[in-house]
Amino acid sequence: MVELIQEFASRVISEDGRRYVVRVYGAPQPQGPLWDAWLVFFPEAGGEPLVGDQETAQQPSNLRSWALGLEPVYLEGALPRVTWEREQGFLHRHEPWGKRAGDLIEEEEIAYRIAREHLIRMGRAASVQSPDAPPAIDGPPGSRHV
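Residues numbered from 1 in each chain as written. Predicted model: local features only at pLDDT ≥ 70, side-chain atom pairs only at ≥ 80, totals over all residues. Heavy atoms only, no water.

Draft legend 1. Highlighting the side chain of Q6. For Q6, the position within the fold is in strand β1 (residues 3–7). One polar contact links Q6 to R64, side chain to side chain, over a distance of 2.4 Å. (Helix = DSSP H or I, 4+ residues; strand = E, 2+ residues; numbered from the N terminus. Polar contact = N/O pair within 3.5 Å; in protein donor to acceptor, adjacent residues only side chain to side chain.)

The structure is reproduced here in C-alpha cells:
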C-alpha cells in the first residue's frame, strides 16, 4: 500500500523556472518491517510527476519524523537527481518486489493520480501558487490510504 507521508509547503523551482509541489510517499518493503520512502515532484503547471528512487528505509513510525526533517535545500538538490532517475526509466526500489513490482507501480499510479486531482482542487497546482501549508497528516504509515 502506497501512502502519503508528507507534503511540503515550500515549492521547488527547477533551473528552467518550473515550480513543483513536493511530497514524500512510502510503502512497506515486500519482506521485513521497514518501509521505503521516496520523493515525488508534482509540476504546478500540471503534467506527470517526477518520481524518485528510495530516499530512506525506516520503521513506519519514524517516516513522518524523517520527512519533517527534510530542509528545502535538500529538496532543491533532490530535483535534478530525481529528474535524472526518471530519464533512466527504472527505480531500484522496485527490484525487491520481483514479480509483484507491477502491483506496487499500479498503486503508485493511483496515488499520484489522486494527488494531482487533490492539488488541482486545493489550488496548489495548475499554475496556482499557494504559500499555505497543507493540513497535518496524523498517525503513522499503515493507518491511512492516499
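There is more to say, and it comes next.
Draft legend 2. Local environment of the pairing of strand β4 (residues 35–43). With 9 of 9 residues buried, β4 lies mostly within the body of the structure. In terms of strand pairing, strand β3 (residues 19–28) meets β4 through 9 bridges, oriented antiparallel. Each bridged residue has a counterpart across the sheet, and for G26 the counterpart in β4 is A37. Of the strand pairs in this sheet, β4 and strand β5 (residues 50–58) are connected by 6 bridges, and their pairing is antiparallel. (Buried < 20%, exposed > 50% of the residue type's maximum accessible area, 1.4 Å probe, protein only. Pairing = 2+ DSSP bridges.)

Draft legend 3. Spotlight on the packing of aromatic side chains. For the coordinates displayed, the defined rule picks out 3 aromatic pairs. Arranged with centres 6.2 Å apart and planes meeting at 85°, the rings of Y20 and F41 form a pair that is edge-to-face. Of the two residues, Y20 is situated in strand β3 and F41 in strand β4; the sequence distance between them amounts to 21 residues. The exposure class of Y20 is buried, given its relative accessible area of 4%. (Phe/Tyr/Trp six-rings, centres within 6.5 Å; stacked < 30°, edge-to-face > 60°.)

By themselves these figures say nothing about function.
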